[in-house]
Amino acid sequence: VQFRWITTLKTNLDWLFAEDETVFIAGDLLWYPTEGDNKKSQAPDVMVVFGRPKGERGSYQQWKEGNLAPQVVFEILSPSNTQAEMSRKLLFYERYGVEEYYIYDPQKNELSGLMRGEMGLETLEEMNSWVSPRLKIRFEITEPELKLYHPNGELFTSYTEEKQRAEQERQRAEKLANKLRELNINPDDL
């Protein structure tokens, strides 16, 4: 379930920013904030960096990326995550400039968020219907699980759901083409 959430976030954000060459999105990619220090790193489940070109990287080395930290980070909790581990991540993200930090526990269907304020990363009190200032996506806490919406109101979908939708559309188009042929209309001429 964690992997499904990570891939759903990553692919939907890829679709959302497909036309913007200056938005880099990665999943489970090591982020090194400081040159010469390979001990300080994190691999957010999903990170978004505005102002950096798309493309594959072996790691995100901030000093080679215009010194831009990821502005938005997502973590999807699994049963093996510990409170100590999550506290270390929070301190790292706060120290190195993350603006928006979202944590989702799919087992408990709990979402929390933090936003950079005057005192660093500050907890958002109400996450239901929250709209990310950077991403413009909306979070809806529903049962049995969280729903995310694109700025145009479309629901985030998984790869499997997109594949099913494409197959249904293909079948619908095939039925329509057959109906047109029954009426002696060549669908290729339209």
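Quick note: structure is the one above.
Cut-offs used in this document
- Residues numbered from 1 in each chain as written.
- Predicted model: local features only at pLDDT ≥ 70, side-chain atom pairs only at ≥ 80, totals over all residues.
- Heavy atoms only, no water.
- Pairing = 2+ DSSP bridges.
- Helix = DSSP H or I, 4+ residues; strand = E, 2+ residues; numbered from the N terminus.
- Axes fitted to C-alpha atoms, helices over the stretch in contact; angles between N-to-C directions.
- Contact = heavy atoms within 4.5 Å.
- Buried < 20%, exposed > 50% of the residue type's maximum accessible area, 1.4 Å probe, protein only.
- Right-handed = clockwise from strand over helix to strand, strands pointing away.
- 1 Å grid on protein atoms, 1.4 Å probe; cavity = no way out; pocket = protein on both sides within 12 Å on 5 of 7 lines; lining within 4 Å.
- Points joined across faces, edges and corners; volume = space filled by probe spheres on them.
- Nonpolar A, V, L, I, M, F, W, Y, C, P; charged D, E, K, R; others polar.

Participant: Mind showing me how you'd approach the sheet that holds strand β6 (residues 100–105) here?
Facilitator: Remark on secondary structure: sheet strands pair via backbone hydrogen bonds, oriented parallel or antiparallel. The 6 strands lie next to each other as β1-β3-β5-β6-β7-β8, forming an open sheet whose pairing is mixed. Strands at the two margins of the open sheet, each flanked by one partner only, are β1 (23–27) and β8 (120–123). Shown here is a sheet whose adjacent strand axes are inclined to one another by a mean of 15°, direction ignored. Pairing analysis gives 6 bridges linking β6 to strand β7 (residues 110–117), with the strands arranged antiparallel. Paired with Tyr102 across the bridge in β7 is Gly113. Sheet contacts for helix α1 (residues 2–16): β1, β3 (46–50), β5 (72–76) and β6; angle to β5, the most-contacted strand, approximately 155°.

Participant: Before we go on, may I ask you to explain the pairing of β6 in this structure?
Facilitator: Every other side chain in a regular strand lies on the same face of the sheet, so the side chains alternate between the two faces. When you tally the buried positions in β6, you get 6 out of 6 residues, the bulk of the element. Two strands pair when backbone bridges link them, and β5 and β6 are joined in this way by 5 bridges, in the parallel orientation. Within the sheet, the bridge partner assigned to Phe74 lies in β6 and is Tyr102. For the crossover from β5 across helix α2 (residues 83–95) to β6, the handedness is right-handed. Two successive antiparallel strands, β6 and β7, enclose a turn made up of 4 residues, where Asn109 displays a positive phi of approximately 55°.

Participant: Any chance you could explain empty space enclosed by the protein here in plain terms?
Facilitator: Vacant regions in the atomic arrangement are exposed by a probe of water-molecule size rolled over the atoms. Under the definition given, this model contains 1 cavity of 30 Å³ or more. The computed volume of the largest cavity comes to approximately 60 Å³. Of the residues contributing to the lining of the largest cavity, the split by class is 11 nonpolar, no polar and 1 charged.

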